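Descriptive analysis of the structure
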Amino acid sequence: RRAPGINVLNDQGEGRFVSVRGLDPQLNSSSINGNRVLATGGDDRAVALDVIPSELIESIEINKSLTPEMDADTIGASIDIATTSSLDRRRNLYTASIEGSYNDRNEITSPKGAFDVVYKVNDRFGLALGGSYYDREFATDNIEADGWSETDDGGVYAEDLEYRDYDVTRERYGATVSFDFRPNDSTQLYLRGLYSKFDDTELRTRLIFGFEEPTAVTADGATFDSGDAPIQVVRDLKDRREVQSVRTVSAGGRTDAGPWRFTYDLAWSQADQQENGSIDPIEFEREFEEAGELGVTIDYSDLRRPAYDIDFGGAAFVDPTDYGFNAIERTTREDAVDEEFSAKFDAAYDLQLASGSLELKFGGKARQRDKQNLISYDFYDGFDGDFTLADVLGEQTYDLAVIDPVPGLAEVRDFLSGGFAQFERNDLDSTFASVAESYTAEEDIYAGYGQAKFETGALRIVGGVRVENTQSTLNGSRVELIEEGAELDGVVLDEDTLFITPVSFERDYTDWMPSVNVRYELAEDVIARFGAFRSIIRPTVCQ
């Protein structure tokens with residue numbers, strides 16, 4: 001957070017994504033010990049760094065300008081996370097910490113603990129171990145407004161206003177291990193591994209207003225009347241559990257042979273994301289459409305906390321029996337896995353010149369990546385019988401406004417424990433979403449580079465060129481919904497129909513990427529830098 005040009009994007013008070021110079025996190029690359037860490041999400045390339053406990057990190061290196069020896073798939077920055085190495089320390093190290101954090105919204109103290117051990121068997125062999133555990137329970141309240149519109153006379157209002165009550169449990173644990181071996185004075189070898197798991201359970205209730213046209217707009221608010229335009233009110237509950245994990249293993253080393261220096265590395269990395277039966281969300285809805293049914297005034301004088309007042313229709317507004325079941329969106333199963341094998345080799349040759357030092361370096365790298373997202377949705381938009389909010393009524397724990405009546409978590413879980421046979425499944429929407437978002441992808445990258453680094457006095461110049469060949473194969477489905485009454489191949493369809501066609505795309509392309517970086521020390525505490533480089537961002541796997 002304190003590095004210049006860096007912005008950390010939070011989720012529930014925890015840093016998740018890194019933005020560099022305001023660019024989208026998708027435009028960064030992230031690695032652990034020099035090897036790529038993969039994204040846990042479905043079609044994302046941005047790495048959610050809150051999956052990795054900060055206690056396992058020894059250092060973080062951010063490169064905003066690329067050199068030829070670095071992977072070229074970044075525009076924002078290259079972010080490298082390093083874990084502890086035993087040979088980096090002069091003596092053994094033993095540390096442990098126990099912490100607790102208190103959330104006054106739910107009055108719960110969350111425990112946190114970590115340890116690090118660095119043990120040097122002798123000057124040539126050592127190991128480093130680290131572990132971390134954090135079980136965080138907390139509650140947050142927020143308000144979100146969207147769909148800002150302007151009336152003909154210049155009044156501004158939000159079409160959607162949501163009052164959100166979150167209860168979240170996040171269990172995060174991980175471990176690192178590193179074995180370092182120096183068989184002789186010219187060679188150093190290592191074996192490093194990291195495992196981290198992030199178990200995120202998010203429970204949320206909401207009161208949602210859906211407005212169309214306001215009756216009147218002032219500088220500080222807007223008034224809505226169901227007699228002038230319908231007002232939609234939704235009360236829902238989300239019950240989602242998402243489990244993410246990251247694993248990396250790398251083995252390699254460095255060998256010095258006179259003016260030559262060789263480095264080599266083999267690595268495997270995997271990230272996955274799992275969901276099983278998440279409800280996101282279950283909705284109860286009432287549409288106020290008649291004159292005299294509902295009047296609402298929204299106060300925008302404090303945009304951090306817009307407030308609402310019910311002008312009339314208050315009894316119906318808070319009657320749970322008037323809110324009928326609208327829909328359930330269920331993530332029945334999500335299995336997203338991203339896996340990569342890589343191998344790299346670098347050779348450097350040092351020359352001493354009369355005017356300074358020159359390092360010539362070249363090398364290559366191969367990365368083979370397989371990614372899949374297999375997902376199954378079940379959407380229900382009907383019920384065999386009467387089902388209202390009153391059947392699963394809970395109590396709010398929200399402080400920013402009155403959002404009762406709301407669905408209760410225990411009541412919804414009890415009701416759904418009887419199964420989903422009593423609900424009407426929307427086969428079209430369920431199949432459409434499940435098929436459209438499922439895919440497999442292969443991406444192989446083969447790279448080589450040549451680089452020169454010249455240093456003399458206060459001046460350093462690094463330049464060269466990198467070439468990367470990308471071979472990708474994407475397999476998915478094209479899903480088309482043809483509506484009832486449309487004509488297809490001379491036949492008029494008598495109902496909405498899905499047409500699913502398997503598709504596969506292959507691409508093979510090569511990019512040449514030159515770069516030059518100049519650093520000049522103008523004074524003891526003044527450094528001037530110049531960098532120019534060409535890089536690429538490969539597309540996400542889109543549906």
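Residues numbered from 1 in each chain as written. Predicted model: local features only at pLDDT ≥ 70, side-chain atom pairs only at ≥ 80, totals over all residues. Heavy atoms only, no water.

In terms of helices and strands, the protein chain carries three helices and 27 strands. Taken over the C-alpha atoms alone, the protein chain extends approximately 90 × 65 × 55 Å along its principal axes. Partitioning the contacts of the protein chain with sequence separation of at least 6, the portion at a separation of at least 24 is 71%. Total accessible area on the protein chain stands at roughly 26600 Å², and carbon and sulfur atoms take up 49% of it. (Helix = DSSP H or I, 4+ residues; strand = E, 2+ residues; numbered from the N terminus. Contact = heavy atoms within 4.5 Å. Areas by Shrake-Rupley, 256 points an atom, 1.4 Å probe, with all protein chains shown as cover.)

What follows is about a nonpolar patch on the surface. Nonpolar side chains collect at one region of the surface, where Tyr 94, Tyr 119 and Val 121 lie side by side and expose about 320 Å² of accessible area between them. When you line up the elements, Tyr 119 lands in strand 8 (residues 108-122). (Patch = residues over 30% accessible without salt bridge, like charges linked within 9 Å, V, L, I, M, F, W, Y side chains within 5 Å. Salt bridge = Lys/Arg side-chain N within 4 Å of Asp/Glu carboxyl O.)

Below, the discussion takes up the sheet that holds strand 18 (residues 307-312). Judged by pairing direction, the sheet is antiparallel, and its four strands sit side by side in the order 12-13-17-18 without closing on themselves. The two strands at the open ends of the sheet, each matched to only one other strand, are strand 12 (216-217) and strand 18. Inspection of the sheet shows strand 13 (residues 221-225) paired to strand 17 (residues 295-299) by five bridges, in the antiparallel sense. Residue Asp 225 lies in a different strand from strand 17, and its bridge partner there is Gly 295. (Pairing = 2+ DSSP bridges.)

This brings us to unusual backbone geometry. With an omega of -5°, the peptide bond running from Asp 280 to Pro 281 counts as cis. Within the element layout of this structure, Pro 281 appears in strand 16 (residues 278-288). Unlike most non-glycine residues, Asn 33 shows phi in positive territory, near 55°. Mapped onto the elements, Asn 33 comes out in the loop between strand 3 (29-32) and strand 4 (35-36).

If you check which residues of helix 3 (residues 427-436) are buried, you get Ser 430, Ala 433, Ser 434 and Ala 436. In this structure, the buried residues of helix 3 make contact with strand 20 (356-383), strand 21 (423-425) and strand 23 (459-482). (Buried < 20%, exposed > 50% of the residue type's maximum accessible area, 1.4 Å probe, protein only.)

To continue, consider the packing of aromatic side chains. On inspection of all chains with the given rule, the structure shows 29 aromatic pairs. These aromatic residues form a ring-pair network of at least three members: Phe 284, Phe 325, Tyr 380, Phe 383, Phe 387, Phe 415, Phe 420 and Phe 423. When the ring centre of Tyr 134 is taken as reference, the NZ or CZ atom of Lys 112 above it lies at 4.9 Å. The cationic tip of Arg 136 hangs over the ring face of Phe 138; the distance from NZ or CZ to the ring centre is 3.7 Å. (Phe/Tyr/Trp six-rings, centres within 6.5 Å; stacked < 30°, edge-to-face > 60°. Lys NZ or Arg CZ within 6 Å of the ring centre and 35° of its normal.)

Turning our eyes to something else, we now look at the pairing of strand 13. On a regular strand, each side chain points to the face opposite its neighbour's, so the side chains alternate between the two faces of the sheet. As defined by bridge partners, strand 12 adjoins strand 13 across two bridges and the pair is classed as antiparallel. From the neighbouring strand, Val 217 faces strand 13, where its bridge partner is Ala 222. Following strand 12, the chain reverses through three residues before pairing antiparallel with strand 13.

Turning to the sheet that holds strand 5 (residues 59-63), a few remarks are in order. The strand order across the open sheet built from four strands is 4-3-6-5, with neighbouring strands paired in mixed fashion. Both edges of this open sheet fall to strand 4 and strand 5, since each of them pairs with a single strand only. Direction of pairing for strand 3 relative to strand 6 (residues 78-82): parallel, over a ladder of four bridges. Bridge pairing in strand 6 places Ile 32 opposite Ile 81.

Attention now goes to the side chain of Asp 165. Counting through the fold element by element, Asp 165 comes out in strand 10 (residues 156-184). No salt bridge is formed by the buried Asp 165. Its closest oppositely charged neighbour is Arg 105, at 4.2 Å. A polar atom in the side chain of Asp 165 sits 2.8 Å from the side chain of Thr 397. Leaving out residues up to four positions away in the same chain, Asp 165 has contacts with Arg 105, Thr 140, Asp 141, Leu 203, Arg 204, Thr 205, Thr 397, Tyr 398 and Ile 403. (Lys, Arg positive; Asp, Glu negative; His and termini not counted. Polar contact = N/O pair within 3.5 Å; in protein donor to acceptor, adjacent residues only side chain to side chain.)

To continue, consider a negative patch on the surface. On the surface, Glu 150, Asp 152, Asp 153, Glu 212, Glu 213, Glu 287, Glu 289 and Glu 290 cluster together to form a negatively charged patch. Checked against the element boundaries, Glu 213 lands in the loop between strand 11 (187-210) and strand 12. (Charge placed at Lys NZ, Arg CZ, Asp CG, Glu CD.)

With the rule as written, the count across this model stands at 42 salt bridges. Here Asp 11 and Arg 16 are joined by a salt bridge, their closest N and O atoms 3.5 Å apart. For Asp 11, a relative accessible area of 23% puts it in the partly exposed group. When the shortest N-O distance is used, the salt bridge between Glu 162 and Arg 164 registers 2.7 Å. Exposure class is identical for Glu 162 and Arg 164. Each is buried.

Moving on to the confidence of the model for the protein chain. Close inspection of predicted coordinates is inappropriate for parts of the model with low pLDDT. Across the protein chain, the average pLDDT comes to 92, with 99% of residues at 70 or higher. Across the protein chain, the element-wise mean pLDDT spans from 76 in strand 24 (residues 487-488) up to 97 in strand 17. (pLDDT = per-residue confidence, 0-100.)

To continue, consider the environment of Ala 39. Residue position: Ala 39 is located in the loop between strand 4 and strand 5. We classify Ala 39 as buried; its relative accessible area is 1%. Residues Ala 39 and Val 51, twelve residues apart in the sequence, show an inter-C-alpha distance of 10.0 Å.

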